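# Overview (structure and organization)
One letter stands for each residue in the lines below.
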Amino acid sequence: FRGRYSLEASQELFGKARMLIGVHGGAFYNMIFCPQETEIIEIMPTKSDGSHVPDSIAHRIFWLLAGQMGQRYWRLTEKPITTRGNVRVDLDKLKRVLDTIDEE
């Protein structure tokens, strides 16, 4: 999703989402269009040394929003591979989350 849809098209697209997976960022606000049953999986870049990000509101906002909307929230932390916060997702880690969701 590159954000090129109209508001109405975005509402329609995300209104049908069963799962939303993505890296922490502004595009995640589209979760407000997702149904309550949508599983939210946020990939959060850590600090460059691998330590976790601060516990500020900016780093908790989607978790808090998911809770308010009754959506289940999952977070994967990944060490950035660039200075812009790009990450390489550990697919085994993601698979474990997806398997857990599938089992429930």
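Below is a short write-up of the structure.

### Observations concerning the overall build of the protein
Helix and strand content of the protein: 3 helices and 3 strands. Listing the helices and strands of the protein from first to last along the sequence gives α-β-β-α-β-α. In terms of its C-alpha atoms, the protein occupies a principal-axis envelope of roughly 40 × 35 × 25 Å. Counting only contacts in the protein whose residues sit at least 6 apart along the sequence, the fraction spanning at least 24 positions is 49%. Looking at the protein as shown, the accessible area adds up to about 7,000 Å², and 51% of this sits on carbon and sulfur atoms.

### Let's talk about the side chain of Asn30
Here Asn30 shows up in the loop between β1 (19–23) and β2 (39–45). Given a relative accessible area of 12%, Asn30 falls into the buried group. Polar contacts involving the side chain of Asn30 include one to the main-chain carbonyl oxygen of Ala27, which spans 2.8 Å.

### Quick look at the pairing of β2
The side chains of a regular strand alternate between both faces of the sheet. In terms of residue burial, β2 counts as a mostly covered element, since 7 of its 7 residues are buried. Side chains Glu39, Ile41, Ile43 and Pro45 project from β2 onto one buried face, and the interleaved Ile40, Glu42 and Met44 project onto a second face that is buried too. Here 5 bridges tie β1 to β2, and the two strands are oriented parallel to one another. Bridge assignment links Ile21 to a residue of β2, and that residue is Ile41. Note that β2 and strand β3 (residues 72–78) share 7 bridges and pair parallel. For Ile41, the partnering residue across the bridge sits in β3 and is Trp74.

Rules used throughout
Residues numbered from 1 in each chain as written. Predicted model: local features only at pLDDT ≥ 70, side-chain atom pairs only at ≥ 80, totals over all residues. Heavy atoms only, no water. Helix = DSSP H or I, 4+ residues; strand = E, 2+ residues; numbered from the N terminus. Contact = heavy atoms within 4.5 Å. Areas by Shrake-Rupley, 256 points an atom, 1.4 Å probe, with all protein chains shown as cover. Buried < 20%, exposed > 50% of the residue type's maximum accessible area, 1.4 Å probe, protein only. Polar contact = N/O pair within 3.5 Å; in protein donor to acceptor, adjacent residues only side chain to side chain. Pairing = 2+ DSSP bridges.

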